[in-house]
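For reference, the chains in residue letters:
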Amino acid sequence: MTPCRQLLSNGKEIILNTTNCNPVDSQSNIISIPVATKTNITVLSPINSEEMHYTIRNRNISEPSFPTDAVGSVILMDSRFFEIEKSLPHLLEALPSHTRPHTSISTFHSKDQWEAALKGKKWMIFPKFIHTLNPSTDFTREQNEIILNFVSDGGYIIILGSPVHSDEFINGLFGTHIQGSSLENGGVNFLTGTDTLKLSDEFKSKVLLNCTKHWENQNAMTYVNFSSLPPNKRVFYIKDAEKNDNDNSKVGVFDFEISNNNNRRGKTNDIQQTKTGRVLYFGFDFFDIPSDDTICVLQQVLSLQQLLS
């Protein structure tokens, strides 16, 4: 039988095939993961021509609300830097339907191709890092500017946690000083279910879904130190001190608004912004199949970002 998930390449597009999977119930806004028989998740303009197959469990996820203009995403797909055989398809399953359609770009694409891909999109997604990506040397100056301008214009960035220090990439691109917690101090956990995260007090009254109040980690979860976060941060999920040796210094999910100094690079005549997007750090790397709780948390946070902006 054809697997529920197939990541295919035909030279023009990568298709996440959902043949023979359960349909979407549009009346109740329940989306089955894997998604509808008649719906293909398509990522345009692939980087490689590999054919990959994935079999994923079926489960029902009720999606939260999103503004009507929150549509579409661009994924940076470059096998030199990102894990695209497992982490990317698992992430695509977990993302809410509002992030579709998906388009991919690479560091090899031109300035015009980057701008065309991001036009009209709400999200830009960076999957799990497998090698360090230095924005100063691996991106062109124009690519750095395009990302910063995308956020300044109201776009949202999703960056997955990774033992290959996503924090260094964030700092290099956005001028922050975020510090990943070290492996020795429990900052990276490869053992599923041995850490518990909780929704921060700031958002307890704003929960949109019936997500678990105690979210168990999956392989792998990479934390950052609370004290190193920028002042304009919003912390969504943090290690539960009562269940983790009184340690409440490690953050699993947060976002922040980029500083005015980084806004609108290359467009000095357009400084004032009416709406600014945000950068989301999500500590799970999606190398393992995401649990229902993990999917619920991701979709809840993405919705909160939009509704609170």
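Calculation notes
- Residues numbered from 1 in each chain as written.
- Predicted model: local features only at pLDDT ≥ 70, side-chain atom pairs only at ≥ 80, totals over all residues.
- Heavy atoms only, no water.
- Helix = DSSP H or I, 4+ residues; strand = E, 2+ residues; numbered from the N terminus.
- Buried < 20%, exposed > 50% of the residue type's maximum accessible area, 1.4 Å probe, protein only.
- Contact = heavy atoms within 4.5 Å.
- Core = buried A, V, L, I, M, F, W, Y, C linked by side-chain atoms within 4.5 Å.
- Pairing = 2+ DSSP bridges.
- Disulfide = S-S within 2.5 Å.
- pLDDT = per-residue confidence, 0-100.

Enquirer: Before we move on, could you go through the overall build of the protein and cite the residues and values that matter?
Expert: Within the protein, the regular secondary structure consists of 6 helices and 18 strands. Counting only residues that meet the buried cut, the protein has 56% of its 309 residues in that class. Pairs at least 24 residues apart make up 77% of the contacts formed inside the protein by residues separated by at least 6 positions.

Enquirer: Can you break down the nonpolar core residue by residue, with the values?
Expert: Core analysis: the largest hydrophobic core is formed by 73 residues, its most contacted members being F126, I157, F174 and Y237. Here the element with the most residues in this core is helix 6 (residues 292-308); it accounts for 7 residues. Those residues in contact with I157 that sit more than four places away from it in its chain are M124, F126, I147, F150, V151, F174, R278, V279 and L280.

Enquirer: Mind laying out the pairing of strand 8 (residues 102-105), listing which residues take part and the relevant values?
Expert: Burial of strand 8 is two-sided: the residues H102 and S104 facing one way and the residues T103 and I105 facing the other way are all buried. Taken together, the 4 bridges between strand 7 (residues 73-76) and strand 8 define a ladder with parallel strand orientation. Residue pairing for strand 8: L76 is matched across the bridge by I105.

Enquirer: With reference to specific residues and values, describe unusual backbone geometry.
Expert: Following R100, the chain continues to P101 via a peptide bond in cis, the omega torsion being 5°. Along the chain, P101 turns up in the loop between helix 1 (87-94) and strand 8. At F286, a residue that is not glycine, the phi angle is positive and equals roughly 60°. You can see F286 is positioned in the loop between strand 18 (279-282) and helix 6. We classify F286 as buried; its relative accessible area is 0%.

Enquirer: I'd like to hear about the state of the cysteines, residue by residue, with values.
Expert: One pass over the full model with this rule turns up 1 disulfide. Disulfide pairing places C211 opposite C296 at an S-S distance of 2.0 Å. Disulfide C211-C296: torsion about the S-S bond near -95°, hence left-handed. With a gap of 85 residues between them, C211 in the loop between strand 12 (196-199) and strand 13 (214-216) and C296 in helix 6 connect regions that are remote in the sequence. Taking the relative accessible area as the measure of exposure, C211 reaches 11% and is therefore buried.

Enquirer: Please set out the pairing of strand 17 (residues 250-256) residue by residue, giving values where relevant.
Expert: With respect to burial, strand 17 is a largely interior element, 7 of its 7 residues being buried. As paired elements, strand 15 (residues 224-225) and strand 17 share 2 bridges and run antiparallel to each other. What sits directly across from V224, in strand 17, is V251. The pairing of strand 16 (residues 233-239) with strand 17 spans 5 bridges and is antiparallel. Bridge assignment links R234 to a residue of strand 17, and that residue is D255. Two strands pair when backbone bridges link them, and strand 17 and strand 18 are joined in this way by 4 bridges, in the antiparallel orientation. By the bridge assignment, F254 is partnered in strand 18 with Y281.

Enquirer: Please give an account of the confidence of the model for the protein that cites residues and values.
Expert: A residue-level look at the protein finds 73% of positions with pLDDT of 70 or above and a mean pLDDT of 77. Confidence drops under a pLDDT of 50 for residues 1-40, and excluding neighbours within four residues, the segment shows 120 contacts in the predicted structure. Overall, residues 268-274 carries pLDDT values under 50, and its contacts beyond four positions in sequence, including any with other chains, amount to 4 contacts.

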